Amino acid sequence: MARAPRTTHQVAVIGAGIAGMAAATEAARCGLKTALFDDGLLGGLITNVGAVHGHPGAGATTGADLVNTMLGEALEAGVDYQPGAVNELISQDSHWSLPGNGATALRVILATGAELRTLGVPGEEQLSGRGVSQCAFCDGGLYKGKDVAVVGGGDGAFQEALHLAELCASVTMILRGRRPRARPTFVRQAADLGNMHFRWNTDVREIIGNGGVDAVRLKEQDGDEETLSIAAIFPFIGLAPRTGLAPMEASRDDAGGLIVDTGMQTAQLGLYAVGAARAGHGGQVAHAVADAKSAAQAAWRSI
Ligand SMILES: Cc1cc2nc3c(=O)[nH]c(=O)nc-3n(C[C@H](O)[C@H](O)[C@H](O)COP(=O)(O)OP(=O)(O)OC[C@H]3O[C@@H](n4cnc5c(N)ncnc54)[C@H](O)[C@@H]3O)c2cc1C
C-alpha cells in the first residue's frame, strides 16, 4: 500500500459556518488531525438569526449561541482553528495544498457556504447600509415604528419579516410568485398579523432615496407600476453558493453549487463539499450538519 504523503493536516475544512464546524468536529472525533479555516465571518449565515427554527434538540436558541456552542465543541474535539481566508486550493498528486495558509492536507472539505443574492436594481448598492439591509436582526431596530418591506417568499424572508413585524409599523412582503415557498407555520403566523401586507406577482424595479431609502418602485407582472413609501427594504431572495475555490474539474449545477456523491465527494478525488456550497443543499442547519457528518466519515474511511 502506498504511504500517505507528509502533510500538515489529514483534513482541512474551509469555512467555519455550521457545516464547516460540524465537519471539523466530526473529523477530529474520528481521530484525524483537522484544521478549520474561516475568513472572519465565523458562524456564517446563521450567526445573525435571532431565533433558529427546526434544529432538532436546539430548542429556542439564537444563531450566535448555536455558533458559540459549536465552536466550543470543535475546539474541545481538538480542531486546529485558524482564522484567515483560503484564497487558493491546489490539487497535488495525492494531497491538497493551501499555499497562502501554509497548510497541506490529504482531504479537503469545502464548507464555504453561500452569499445572499441581491436584487441588482438601481439604488440597491448606493443605499446598502442606509436602508437596504440583509439582516433584520441587526438593523430592524433602526426602523422601529416605520414602514418597511421584505423581498422574497422563502423561510428566511418570512422569518426576518416576522421579526420586523414586532418592531415596525408595517411590513410589506414583495413576492415574485403567487404563493410562498416558506413553511406553512411561518406563512400562517404572517397572515394573522394585522401589520403585514403582501404584494404577489410583483417585482422590485428600483429603490429610491437620497442618503436613505424613501420608497421602492414596484411592477406587478402584467400590471401597473407603483411607488411604495418605505424606510427600509430587506431582500432575501435566495443564496449563491461560494465555490470559486474548487477546481473547474469539480462539476457544478446551474446555480454554481458543487455536485457531490452520497459521501459528499465532488468529482475531484479527496475534495468534499457540504452545506450551502453544494448542489441540492436542503437549506437548513440540520441538513448542513448531516452533510458534514457524511463527508467527515467518508474522508476518515478513505485515509
Ligand atoms: C435569513 C436566514 C435565516 C435562516 N434561518 C434558519 C433557521 O431558523 N433554521 C435553520 O435550520 N436554518 C436557517 N437558515 C439556513 C442556515 O443558515 C444555513 O442552511 C446554514 O447556515 C448553512 O451553513 P454553511 O456552513 O453551509 O454556510 P455558511 O453559513 O454560508 O458558512 C460558510 C462559512 O465559510 C466562510 N468562508 C467562505 N469562503 C471562505 C474562504 N475562501 N476561506 C475561509 N472561509 C470562507 C464564511 O465566512 C462562512 O463563515 C437561515 C438562513 C438565512 C439566510
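Residues numbered from 1 in each chain as written. Predicted model: local features only at pLDDT ≥ 70, side-chain atom pairs only at ≥ 80, totals over all residues. Heavy atoms only, no water.

## Some details on the environment of V204
Then, number 1: With respect to the secondary-structure elements, V204 resides in strand β11 (residues 202-209).
Then, number 2: A residue is classified by how much of its surface remains accessible, and V204, at 11% relative accessible area, is buried.
Then, number 3: Sequence separation of V204 and E225 is 21 residues, and the distance between their C-alpha atoms is 9.7 Å.
Then, number 4: Residue contacts for V204: discarding those within four places in its chain leaves L119, V121, V151, I174, V216, R217, L218 and I233. (Helix = DSSP H or I, 4+ residues; strand = E, 2+ residues; numbered from the N terminus. Buried < 20%, exposed > 50% of the residue type's maximum accessible area, 1.4 Å probe, protein only. Contact = heavy atoms within 4.5 Å.)

## Observations concerning the nonpolar core
Then, number 1: Among the nonpolar cores identified, the biggest contains 35 residues, and V13, I18 and I109 are the most heavily contacted of them.
Then, number 2: Residue assignment for this core shows that the elements contributing at least two residues are β1 (9-14), α1 (18-29), α2 (63-76) and α6 (285-302).
Then, number 3: Once residues within four sequence positions are removed from consideration, I109 is found in contact with V11, A12, V13, I14, A23, Y272, V274, A295 and A296.
Then, number 4: Ranked by size, the runner-up nonpolar core spans 22 residues in total, among them Y143, A161, A190 and F234. (Core = buried A, V, L, I, M, F, W, Y, C linked by side-chain atoms within 4.5 Å.)

## Section: the sheet that holds strand β12 (residues 213-220)
Then, number 1: Pairing in this open sheet of 3 strands is antiparallel, and the strands run β11-β12-β13 from one edge to the other. Edge positions in the sheet fall to β11 and β13 (225-229), since each has one partner strand and no second. Averaged over all neighbouring strand pairs, the angle between strand axes comes to 25 degrees, with direction disregarded.
Then, number 2: Of the strand pairs in this sheet, β11 and β12 are connected by 7 bridges, and their pairing is antiparallel. The residue of β12 that forms the bridge with I208 is A215. (Pairing = 2+ DSSP bridges. Axes fitted to C-alpha atoms, helices over the stretch in contact; angles between N-to-C directions.)

## Remarks on the packing of aromatic side chains
Then, number 1: Inspection of the entire model under this criterion finds 3 aromatic pairs.
Then, number 2: Measuring from centroid to centroid gives 6.4 Å for F158 and F198, while their planes differ by 25 degrees, and the two rings are stacked. Here F158 is found in helix α4 (residues 155-167), whereas its partner F198 is found in strand β10 (residues 196-199), with 40 residues between them in sequence.
Then, number 3: What makes F158 buried here is its relative accessible area of 0%.
Then, number 4: On the basis of relative accessibility, which here comes to 23%, the residue F198 falls in the partly exposed class.
Then, number 5: An angle of 5 degrees between the planes, with centres 5.4 Å apart, marks the rings of F198 and W200 as stacked.
Then, number 6: Members of the aromatic cluster, connected to one another through ring pairs, are F158, F198 and W200. (Phe/Tyr/Trp six-rings, centres within 6.5 Å; stacked < 30°, edge-to-face > 60°.)

## Details of the sheet that holds strand β8 (residues 147-151)
Then, number 1: Strand order in this open sheet of 4 strands is β10-β9-β8-β14, and the pairing throughout is parallel. Edge strands, defined here as strands with exactly one partner in the open sheet, are β10 and β14 (232-235). Across this sheet, the average inter-strand angle for adjacent strands is 20 degrees, counted without regard to direction.

## Overview of the site of the ligand
Then, number 1: Around the ligand there are 35 residues in total, and D39, L45, H53, Q159 and V285 lie nearest to it.
Then, number 2: A276 places a main-chain nitrogen or oxygen 2.8 Å from an oxygen atom of the ligand.
Then, number 3: Out of a free accessible area of 1,000 Å², the ligand has 94% covered by protein chains.
Then, number 4: Only α1, β2 (34-38), β7 (114-116) and α4 provide two or more residues apiece to the shell around the ligand.
Then, number 5: Here the residues of the shell around the ligand sort into 19 nonpolar, 12 polar and 4 charged. (Near = heavy atom within 4 Å. Polar contact = N/O pair within 3.5 Å; in protein donor to acceptor, adjacent residues only side chain to side chain. Areas by Shrake-Rupley, 256 points an atom, 1.4 Å probe, with all protein chains shown as cover. Nonpolar A, V, L, I, M, F, W, Y, C, P; charged D, E, K, R; others polar.)

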